[in-house]
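Fold and contact review
Each chain is listed here by its residues.
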Amino acid sequence: MADDPKIIDGKAFAANLRSKIATALSDLKKAKGLVPGLAVVLVGEDPASQVYVRNKAKQTVEVGMLSFEHRLPEDASEEEVLNLVEQLNKDERVHGILVQLPLPDQIDANKVIGTIDPAKDVDGFHIINAGLLATGQDALVPCTPVSCVMLAKDRLGDLSGVNAVVVGRSNIVGKPVAQLLLKENCTVTIAHSRTKDLPGLCRTADLLIAAVGRPEMIKGDWIKPGACVIDVGINRIETDEGKTRLVGDVAFKEAYEKVGAITPVPGGVGPMTIACLLFNTVRAACASNNIDVPEILKS
Ligand code: NDP
């Protein structure tokens, strides 16, 4: 599959991005003595979150950054989490703060996110960053939307004038990806559960971004021949053999026949997320030190 020109290989793209980040970090250390640091806060024992946090810490160290892991028990109070975030806001070794979601019920996630210094908000969820992005200004942008646009640009080049349809309007994927595409001068339509004639709308898309969370909802005959399809969905379904497997929001086999290019699930957008988190941390560290982002990370 790796050599198939229709397949957008997110795993390979992410590996290449991490390698560029490692080069940029080595240059930053030599030239400016700057070693960015990423702090990850995990509250509770959620097994999926534990795996994510472990992988984030591992990749952070591998590219040459400092990794700070903070684990709090499941019954930690909101005040404890807020105090920790305040402490990390003040810590000069920390340039990026990520609080792993979901948080236990007693903790208000919006309050926690709102307490992170926007300049260290590498998840891009703080309302200041959301507002900066919405008004077309420089912002720290959520990692999955950044991944989608990186993959689309890598395949299509200049996105100016491209007809893009984004299916899904969540604050963490749909809306920010639409805003990033607007910034790239796409003509953007956002679809959602009340959209009329969704298949017809999708058929107008040269670039189709699916962020719905419904297994294989987007069918092959919804796709314009030659379109570029970025499938953000991660859905676990049961197979006939009683096992489970991951599928996207797009019916991959049918879509494959029509597309110019498509991200597979798994192996498309998913593997990009941590690489983009590291990318955001480098951006945050450079901004806080008034240093230009290294050239290798600009393209
Ligand atoms: P949300 O549930 O927050 O949003 C889903 C969106 O899809 C909503 O805007 C909803 O519309 C829309 N929608 C739901 N049903 C339909 C329908 N039948 N027709 C049209 N639109 C519909 O999901 P997220 O944005 O958080 O995530 C979307 C998918 O992306 C999930 O599968 C998730 O697992 C995956 N994901 C993957 C990541 C990665 O790293 N690859 C990261 C984040 C998410 P409405 O607003 O009207 O309800």
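Everything discussed here concerns the structure shown above.
Now for a look at the structure at hand. Position numbers for residues count from 1 along each chain, tracking the sequence in the order it is written. Note on the predicted model: pLDDT of at least 70 is required for a residue's local features to be given, and 80 or more for side-chain atom pairs to be given and counted; whole-chain, interface and lining totals, by contrast, use all residues. Side-chain measures here rest on the full set of heavy atoms in the structure, leaving out hydrogens and waters.

The subject of this paragraph is the environment of glutamine 59. Where helices and strands are cited, they refer to DSSP runs of H or I of at least four residues and of E of at least two residues respectively, numbered from the N terminus. Relative to the elements of secondary structure, glutamine 59 occurs in helix 2 (residues 47–63). Exposure categories follow from relative accessible area, calculated using a 1.4 Å probe and restricted to protein chains: below 20% of the type maximum is buried, above 50% is exposed, and the middle band is partly exposed. A residue is classified by how much of its surface remains accessible, and glutamine 59, at 16% relative accessible area, is buried. Residue contacts are counted whenever heavy atoms from the two residues lie within 4.5 Å of one another. Filtering out sequence-adjacent residues up to four positions away, glutamine 59 remains in contact with Arg18, Ile274, Ala275 and Leu278.

Moving on to the site of the ligand. If a single non-hydrogen atom of a residue is within 4 Å of a molecule or strand, that residue counts as near it. Near the ligand there are 21 residues, and of these Arg169, Ser170, Ser193, Arg214 and Thr273 occur at the shortest range. Between the ligand and arginine 169 there is a distance of 2.7 Å, counted from an oxygen atom to a side-chain nitrogen or oxygen. When the ligand is considered free in solution it has 930 Å² of accessible area, and contact with the protein chains removes 70% of it. Residues are grouped as follows: nonpolar covers Ala, Val, Leu, Ile, Met, Phe, Trp, Tyr, Cys and Pro; charged covers Asp, Glu, Lys and Arg; every other residue, Gly included, is treated as polar. Looking at the shell around the ligand residue by residue, the class counts come to 9 nonpolar, 10 polar and 2 charged. Whenever two N or O atoms come within 3.5 Å, that pair is a polar contact, provided that in protein one can donate a hydrogen and the other can accept it, and provided that, for residues adjacent in sequence, both atoms are side-chain atoms. To measure how exposed things are, a 1.4 Å probe is used in the Shrake-Rupley method; for residues, cover is taken only from the protein chains shown.

Turning our attention to the packing of aromatic side chains. Between the rings of Phe, Tyr and Trp (Trp by its six-membered ring), a pair exists once the centres lie within 6.5 Å; its type follows the angle of the planes, with under 30 degrees stacked, over 60 edge-to-face, and the other angles tilted. Using the criterion set out here, one finds 1 aromatic pair in the structure. A ring pair is formed by phenylalanine 252 and tyrosine 256, whose centres lie 6.0 Å apart and whose planes are at 35°; its orientation type is tilted. Residue phenylalanine 252 and its partner tyrosine 256 are both found in helix 9 (residues 252–258); the two are separated by 4 residues, about one turn of the helix. We classify phenylalanine 252 as partly exposed; its relative accessible area is 25%. Here, over-ring charges are defined by two tests on the NZ atom of lysine or the CZ atom of arginine: distance to the ring centre within 6 Å, and angle to the ring normal within 35 degrees. One Lys or Arg, lysine 6, reaches over the ring of tyrosine 256 and ends 4.6 Å from the middle of that ring.

A separate point is unusual backbone geometry. In the segment running from leucine 101 into proline 102, the intervening peptide bond is cis, with an omega of 0°. Mapped onto the secondary structure, proline 102 falls in the loop between strand 3 (96–99) and helix 4 (109–115). In this structure, proline 266 follows valine 265 across a cis peptide bond, with omega equal to 0°. Looking at the secondary structure, you find proline 266 in the loop between strand 10 (261–262) and helix 10 (272–288). The phi angle at aspartate 197 is positive, at roughly 50°, despite the residue not being glycine. With respect to the helices and strands, aspartate 197 occurs in the loop between strand 5 (187–191) and helix 8 (198–202). The exposed category is assigned to aspartate 197, whose relative accessible area is 52%. Of note in this structure, glutamate 216 is not a glycine but carries a positive phi near 55°. Tracing the backbone shows glutamate 216 in the loop between strand 6 (207–210) and strand 7 (228–231).

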